[in-house]
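Coordinate inspection notes
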Amino acid sequence: MNVVRVEGLTKHFKKFHLGPLNFKVEKGTAVGLVGSNGSGKSTFFRLLMNLVHADGGTVEIFGKKMPSSEIEIKQSIGFAANMLEPFYQLSIKEISSHFSYWYPSWNQNKYEDLINRYKLDEGEKFGKCSTGMKKKVDFIFSLSHEPELLLLDEPTAGVDLGSQKKMKEDLIEFLEDGEKSLIMSTHLIDDLKQICDNIIILSPNGKVQDFLRKEEVEENWAKFWVSELTEELRCHPHVIKVNDSQHPSYLLTDQKHVVEKELREKGISVISIQRLPLDEIIEFQLDS
Amino acid sequence: MKLPIKVSEESREPIYHQIETQIKSLIVSGQLPTGSPLPSIRVLSSDLSCSVITTRRAYQNLETSGYIKTVQGKGTFVNEVEGSRKEETKRKVVQEAFEKAVYQGKQIGYTRQELSLIFEKSLSEIFDREKE
């Protein structure tokens, strides 16, 4: 079952076009959103939440259409995307009373546990909080009303290492029962490796460059160190990159088994096969 | 809960199989006694930076072969493993490790006799060092 379904979603700005975006998020999965600065990640979240209006396309969340079921949908979404600035004069506690009023499913115990866990002072004015503290407050508010879907825009950016670890644990726990889903943007490779099941790569011109499934990456992507590289291999549809400026040469493939068979048939000896680390694949996709 | 498991990027062996073998050896060596809880699939996947589907496959295989059992709503635990099965698995785990080393030696170009000598040398290095 799909929790989020986006079709042909577009947004045009003067100098930047986002989309058309097409993707689905399966229930119980975590999707990581990566892309360089200015590739439209924050706009992506705002479009999903109907905070900026799309120029085209459709968004369906929990099987219901945005924006016609907007309020109903948003009751079950935890959204953290640096949107609390307007409350800078209020204390964390005062903001929490607004949130508990807005969300019928607000869980005060959970909220208090999280405030303690992240060692925040509820009496502090939001405007006085450091960047990292603001991120933590944002994160806590997104979780405290027991959402079904979390949309987090760079939740770990600017957060100290200890708290990053706690956030990771909290997100893993959130995903544990397989009923809830997550979309988060991040620049940290460890977030992708340790939390996300699938990865959406946004290209600098605002398009979905690739949708990677972690299990497919593990199964199919590889680096082959080989004794020689033939012209045929260089042009092979599943050889996506070669490096023969050094010896031994290597090639990257997104179809390990096909290329392995090909190498065996051509009598080219394989010195070593490595699984490709995610960062190398993402780097490659962002460069191409 | 953490398990002393590591996934190798270099290995030709699929990740699910690496996880399966390492959990098996922790069980048969008695380091994970009967009844010990195992981390959830999500948690182990996160620790190993691998996909949930891969970890699930390892757990399913371990469950099918009777090494672990999942109790609905409670988690996954180490099952009672018969003594004879334990011995057999122990031997298999070690043999697989040797086979990997032999394979590597053969790839480098050593003969059977040469590998045998290296093996003897490794035995003395480790056992004699322990004596000291």
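Residues numbered from 1 in each chain as written. Chains lettered and ligands numbered in written order. Predicted model: local features only at pLDDT ≥ 70, side-chain atom pairs only at ≥ 80, totals over all residues. Heavy atoms only, no water.

A separate point is the overall build of chain A. Looking only at helices and strands, one finds 11 helices and 14 strands in chain A. For chain A, with 288 residues in total, the buried portion stands at 51%. Once local pairs closer than 6 in sequence are excluded, the contacts in chain A between residues at least 24 apart make up 66%. Carbon and sulfur atoms make up 49% of the accessible area of chain A, which totals about 13400 Å². Taking the 36 positively charged and 45 negatively charged side chains of chain A as two groups, their mean positions are separated by 4 Å. (Helix = DSSP H or I, 4+ residues; strand = E, 2+ residues; numbered from the N terminus. Buried < 20%, exposed > 50% of the residue type's maximum accessible area, 1.4 Å probe, protein only. Contact = heavy atoms within 4.5 Å. Areas by Shrake-Rupley, 256 points an atom, 1.4 Å probe, with all protein chains shown as cover. Lys, Arg positive; Asp, Glu negative; His and termini not counted. Charge placed at Lys NZ, Arg CZ, Asp CG, Glu CD.)

This brings us to the overall build of chain B. Across its full length, chain B carries five helices and three strands. Counted from the first residue to the last, chain B has its helices and strands arranged as α-β-α-α-β-β-α-α. Overall size of chain B, expressed as C-alpha extent along the three principal axes, is 55 × 30 × 25 Å. Sorting the 132 residues of chain B into buried and exposed places 30% on the buried side. Restricting to contacts in chain B with at least 6 residues of sequence separation, those with at least 24 account for 51%. When the 20 basic and 18 acidic side-chain charges of chain B are each reduced to a single mean position, those positions are 5 Å apart.

What follows concerns the packing of helix α1 (residues 15–28) of chain B against helix α3 (residues 52–64) of chain B. Residues and elements named next belong to chain B. For the pair α1 and α3, interaxial distance at closest approach is 8 Å and the crossing angle is 45°. Judged by the inter-axis angle, α1 sits oblique to α3. Considering only the axes of α1 and α3, their crossing is right-handed. Across the interface between the two elements, Ile15, Tyr16, Ile19, Glu20, Ile23 and Lys24 from α1 touch Thr54, Thr55, Arg57, Ala58, Tyr59, Asn61 and Leu62 from α3. Of the residues assigned to the contact of α1 with α3, the class counts are seven nonpolar, three polar and three charged. (Axes fitted to C-alpha atoms, helices over the stretch in contact; angles between N-to-C directions. Parallel < 35°, antiparallel > 145°, perpendicular 65-115°, else oblique. Left-handed = near helix turned anticlockwise from the far one by under 90°. Nonpolar A, V, L, I, M, F, W, Y, C, P; charged D, E, K, R; others polar.)

What follows concerns the sheet that holds strand β12 (residues 239–243) of chain A. Residues and elements named next belong to chain A. The strand order across the open sheet formed by four strands is β12-β13-β11-β14, and the pairing between neighbours is antiparallel. Only two strands of the sheet have a single neighbouring strand rather than two, namely β12 and β14 (270–275). Averaged over all adjacent pairs, the angle separating strand axes in this sheet is 20°, with direction ignored. Bridge analysis of strand β11 (residues 222–226) against strand β13 (residues 249–253) gives five bridges, and the strand direction is antiparallel. By the bridge assignment, Phe224 is partnered in β13 with Leu251. (Pairing = 2+ DSSP bridges.)

With that settled, the discussion passes to the UniProt feature "domain: ABC transporter" (unreviewed entry) in chain A. UniProt feature "domain: ABC transporter" (unreviewed entry): in the numbering of this structure it lies at residues 4–229 of chain A. A distance of 43 Å separates the end C-alpha atoms of residues 4–229 of chain A, which is 34% helix and 28% strand. (UniProt positions renumbered as here; feature names shortened; annotations may be inferred.)

Before going further, it helps to examine the packing of α1(B) against helix α4 (residues 83–108) of chain B. Residues and elements named next belong to chain B. For the pair α1 and α4, the least separation of the axes is 10 Å and the interaxial angle reads 130°. On the basis of the axis angle, α1 is oblique to α4. Remark: the crossing between α1 and α4 carries left-handed chirality. Taking contact as the criterion, the partners of His17, Thr21, Lys24, Ser25, Ile27 and Val28 in α1 are, on α4, Lys86, Thr89, Lys90, Val93 and Glu96. Looking at the contact of α1 with α4 residue by residue, the classes come out as three nonpolar, four polar and four charged.

Residue and element names in this part refer to chain B. A cluster of nonpolar side chains, Val94, Phe98 and Phe119, forms an exposed patch at the surface whose accessible area comes to about 260 Å². Turning to its location among the elements, Val94 is positioned in helix α4. Val94 gets classed as partly exposed once you look at its relative accessible area, which sits at 42%. (Patch = residues over 30% accessible without salt bridge, like charges linked within 9 Å, V, L, I, M, F, W, Y side chains within 5 Å. Salt bridge = Lys/Arg side-chain N within 4 Å of Asp/Glu carboxyl O.)

Our next topic: a negative patch on the surface. All names here are of chain A. A contiguous patch of negative charge on the surface is contributed by Asp190, Asp279, Glu283 and Asp287. With three residues, helix α11 (residues 278–287) is the largest single contributor of residues to the negative patch. Position of Asp190 relative to the elements: it lies in helix α7 (residues 189–194). Residue Asp190 is classed as partly exposed on the basis of its relative accessible area of 38%.

On to the sheet that holds strand β8 (residues 181–185) of chain A. Residue and element names in this part refer to chain A. Pairing is mixed in the open sheet, where six strands are placed in the order β6-β7-β8-β3-β9-β10. Two strands in the sheet have a free side with no partner beyond their single neighbour: β6 (77–80) and β10 (208–213). Each neighbouring strand pair of the sheet contributes to a mean axis angle of 10°, computed without reference to strand direction. Here strand β7 (residues 149–153) pairs with β8 via five bridges, running parallel.

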